[in-house]
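The chain contents come next:
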Amino acid sequence: MRAVLMKLVPKRWRGTPVVPVVRLSGVIGAVTPLRPGVTLAGVAKTLERAFAMDNAKAVALVINSPGGSPVQSRQIYLRIRHLAQEKKLPVLVFVEDVAASGGYMIACAGDEIFCDPSSILGSVGVVGSSFGFTELIKKIGVERRLYTSGEHKATLDPFLPENPDDVARLKAIQREIHATFIELVKASRGSRLKETDSLLFTGEYWAGERSVALGLADAIGDPRSTLRARFGDKVLTPLIAPSTGLLAGLFGRKAGAGALTSFGGPLGVPDELISALETRAIWAKFGF
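So, here's what we can say about the structure. (Residues numbered from 1 in each chain as written. Predicted model: local features only at pLDDT ≥ 70, side-chain atom pairs only at ≥ 80, totals over all residues. Heavy atoms only, no water.)

1. Some remarks on the nonpolar core
The condition that has to hold: Among buried residues, those of type Ala, Val, Leu, Ile, Met, Phe, Trp, Tyr and Cys that are joined through side-chain atoms within 4.5 Å constitute a nonpolar core. Summary of the burial criterion: residues with accessible area below 20% of their type's maximum are buried, those above 50% are exposed, and those between are partly exposed, where the area comes from a 1.4 Å probe applied to protein chains only. Strands here are runs of E lasting at least two residues and helices are runs of H or I lasting at least four, both read from the DSSP assignment and numbered beginning at the N terminus. Contacts are residue-level and defined by heavy atoms, with any inter-residue pair within 4.5 Å sufficient.
Residues L61, I80 and Y104 are the most contacted members of the largest nonpolar core, which totals 49 residues. Of all the secondary structure elements, the ones that give two or more residues to this core are β1 (21–25), α2 (40–52), β4 (59–65), α3 (70–87), β5 (91–100), α4 (102–107), β6 (112–115) and α6 (164–189). The dominant element in this core, judged by the number of residues it contributes, is α2, at 6 residues. Ignoring sequence-local partners within four residues, the contact set of I80 consists of L47, F51, L61, V91, I106 and A109. One finds V21, A58, V62 and L92 within the second-largest nonpolar core, a separate group that totals 10 residues.

So, in structure tokens, the structure goes:
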């Protein structure tokens, strides 16, 4: 792999420091079955290519994500850390508009985190949402028929009245996931965190300057100026993008970490609309 990559680099650049750049942008995890967001499966090969590049002095991650799946977020975090340790390369994270919730979890894979003064960081918490349609189906004369084997199989069914025991079980699961998130942030940021748990881990989020003051980020900085100051004006910063191919094109894949378009035609419209609304709602929480 390294030999192949090096053939693509002009000879006059082969002694020049290189910092490959990987962009991780979008909602994390499956928004709908036909439109997954950023997932480990979608970014793994891109990360491996970046860390395998010869003359690399570091790997830069540019993150712009409002969060999503806690599982996918943690798996991407772990893969980045494993590659960094294996290749003995520092990871520099640059936050664009937002690195919140799962997006911030991935940002914690960086040895250093840089952001813009207007970037949004934090939101260390867990959220779940649903709707209740019990009154609606009564008004339109619909009868709910549900058959299960297992006492809790229909937990939080939106067409049944809310059960306090179901809510309690959900909140217990959320507390477990939240504890895992907090542990990860503490392990990654360590003594750089400047405030108490009761402030940092409530799900609140902050702009760039305040995030630096709280220790959620290290400094204000953009990729070009920061990497030039760190590695010299001649540093190369190639963007490592996902591979595309015939099968990817046939199934609607396009360039971009974990991006996938819906199938065309009338059957794709409902899924596309739902996906767009869900994605918009997640971004809108942070003002974007």
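2. Quick look at the pattern of salt bridges
The condition that has to hold: Criterion for a salt bridge: a side-chain nitrogen of Lys or Arg within 4 Å of a carboxyl oxygen of Asp or Glu.
Within this structure, the stated rule accounts for 9 salt bridges. Among the ionic pairs, E48 bridges to R79, the shortest N-O distance being 3.7 Å. Separated by 31 residues along the polypeptide, E48 in helix α2 and R79 in helix α3 bring together distant segments of the chain. Using a relative accessible area of 27% as the deciding quantity, one classes R79 as partly exposed. Measuring nitrogen to oxygen at the nearest pair gives 3.2 Å for the salt bridge that ties R192 to D218. Remark: D218 occurs in the loop between α8 (208–214) and β9 (219–220) and R192 occurs in the loop between α6 and α7 (197–200); sequence separation between them is 26 residues.

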